[in-house]
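Structural description and commentary
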Amino acid sequence: MNVGQEREVQPMITKEKLEGETLKVIEKLHKEKFDELNEMFREKRPYDMSVIFQSLPEKHGISLLHNLDEMTIASMMQKINTMQKLEMLGKIGPEKANKVLALLDSNILTRLLKKYPQVQLTKFLEEMDETNASYVKTMIDYPEDTAGSLMTNRYISIEDHSTVLDAINKTRSLALYLKGNNHLYLIDKKGVLTGTVSYKDLLLSDPHEMLKNIMLEQVICVTVSTKRENIVRLLRRYDFTALPVTNEEGVLVGMITFDCMVEALLQETSDDYGKFSTASKEIDFKTKPIIAAVRRLPWLVILLFIGLISGSIISKFEGTLEKVVALAFFMPLIAGMTGNTGTQSLAVVVRGLAENEIDVKAVFKLILREFWVSLIIGSTCGLLISIIAFIWQGNMYLGIVVGGSLFLTLILGTMAGTIIPIILYKCKLDPAVASGPLITTVNDIFSLITYFSIASLLLS
């Protein structure tokens, strides 16, 4: 770009713009202007490339893939999911697919290769140089929710007894290789991480100064087995641009970029939301109805049978209902309010557990806090519904029954939403599995038993 020449700012792709871009691509394919097509895609952001590609009819999409260069395809693949990546690689053939795979960042590559057909995986690894192939094989073995599967090998490390000038020269030679980091990692002769130096400090220091004299020794890092949720917790606490990854012996083996940490945060949030709603994380807008139904049915069937208990409770108090039919008017309200307060407490606790490590003192403090909250909520709502029931039905005893029941069930619901996820957490289970629908169903049972027990006692 010439000095003084203004660079055109690309606007965000809109529906109208997408239609125009799609037509341009189809036109260039028909006219076989493949060089112009590659140039057109190279000027776009990876997300915009992927959106345009996915908007094309299938035959044009295949034609586009065959005529785009490998670098452009690799860039576009950053913004599509794993299944779409596999479909894309299948359409361009094994030879071109291997060239595209070789251009992908290692963390994206390993996640993809875990789903890759074994025969093609073996062939691809054979064609890689020995060092990279060994690194990729190691990463494939790490579980998907650990630091080992998220890290990349695109970082720069240097021995801590080197000089500032040595570090600057090495950084210059590998500048194009770097991936989203502004620190140099320092290691000892065994490869153990000993500290970091920012590029700013390198530039401001004397060229002959020893790196170990200017390095930051207190480095926050994770091991290859660190769970994704703990990485997310670190991201929330500290302003990271990258996070070094070591093996169990402290040897530096990789780095997690800021982009990957944000992606992990989004994935963790998505997974927790899926657990809250008892919906599979594998369901998205493009999932077929039969597949979506099969993935969502198991929890719903379990909740269906649990819900039958509510029906059996009502049948046990049939005589009470016959005496005071007005009790039925308030059943949905009692059950709904109890489920609502339980879900609120559940959300507060699960979010707190995700952000903080808790001990026995913190648990008791949280339970006590939620108990006082439940007393205030229960008193307020119970008093209000007592007055409303009395005015509506003209029956003081009915008002006492409904108000007293709501008061007690709101306390029970809040305590259930607080204690259940803590128990699961202490049992090393994911507290998010105590999902909203499950808490709601359990609280329905509590609320109905409490409601009809008080009604039977007072109205007898």
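Throughout what follows, the structure given in this document is the object of discussion. Every value quoted in this text rests on a predicted model; they were computed, and no experiment measured them. Each chain has its residues counted from 1, following the order in which its sequence is written. Where local features are concerned, this predicted model is filtered to residues with pLDDT of at least 70; where side-chain atom pairs are given and counted, the filter is 80 or more; whole-chain, interface and lining totals use all residues. The side-chain quantities take in all heavy atoms of the structure and omit both hydrogens and water.

**Side note on the pairing of strand 5 (residues 242–246)**
Formally: For every residue, the accessible area (1.4 Å probe, protein chains only) is compared with the maximum for its type, and the residue is labelled buried under 20%, exposed over 50%, or partly exposed between those bounds. Only DSSP runs of H or I covering at least 4 residues are called helices, and only runs of E covering at least 2 are called strands; the numbering of each starts at the N terminus. When DSSP finds two or more bridges between two strands, those strands count as paired.
Counted residue by residue, strand 5 has five buried out of five residues, so it is predominantly covered. Burial of the side chains of strand 5 extends over both faces: Ala242, Pro244 and Thr246 are buried on one face and Leu243 and Val245 on the other. When strand 4 (residues 222–223) meets strand 5, the two strands line up parallel, connected through two bridges. The residue bridging Thr223 from the neighbouring strand is Thr246, located in strand 5.

**Section: the sheet that holds strand 3 (residues 193–198)**
The condition that has to hold: Axis lines are fitted through C-alpha atoms, for helices just across the contact stretch, and the angle between N-to-C directions can take any value from 0 to 180 degrees. Residue contacts are counted whenever heavy atoms from the two residues lie within 4.5 Å of one another.
Strand order in the open sheet formed by three strands is 1-2-3, with mixed pairing between adjacent strands. Of all strands in the sheet, those with a lone pairing partner are strand 1 (157–159) and strand 3, marking the two edges. Strand-to-strand twist across the sheet, computed as the mean angle between neighbouring axes with direction ignored, equals 35°. Two elements, strand 2 (residues 183–187) and strand 3, share five bridges in a ladder whose sense is antiparallel. Considered in strand 3, the bridge of Leu186 is made with Gly195. In this fold helix 12 (residues 164–173) packs onto strand 1 and strand 2, with an angle of close to 150° to the strand it touches most, strand 1.

**Concerning the pattern of salt bridges**
This is how the line gets drawn: Salt bridges are defined by distance alone: a side-chain nitrogen of Lys or Arg within 4 Å of a carboxyl oxygen of Asp or Glu.
Tallying each qualifying case throughout the model produces nine salt bridges. Glu21 is paired through a salt bridge with Lys44; the nearest N and O atoms lie 3.0 Å apart. Within this pair, whereas Glu21 is found in helix 1 (residues 15–30), its partner Lys44 is found in the loop between helix 2 (34–42) and helix 3 (46–55), the two being separated by 23 residues in sequence. Overall, Glu21 belongs to the buried group, its relative accessible area being 6%. With a relative accessible area of 17%, Lys44 lands in the buried category. In this structure, Asp145 engages Lys227 in a salt bridge whose closest nitrogen and oxygen atoms are separated by 3.7 Å. In this pair, Asp145 sits in the loop between helix 10 (130–140) and helix 11 (147–150) while Lys227 sits in the loop between strand 4 and helix 15 (228–237), placing the two residues 82 residues apart along the sequence. On the basis of relative accessibility, which here comes to 29%, the residue Asp145 falls in the partly exposed class. Under the relative-accessibility criterion, Lys227 is labelled partly exposed at 38%. Here the salt bridges do not stand alone but share partners, grouping Lys17, Glu21 and Lys44 into one network.

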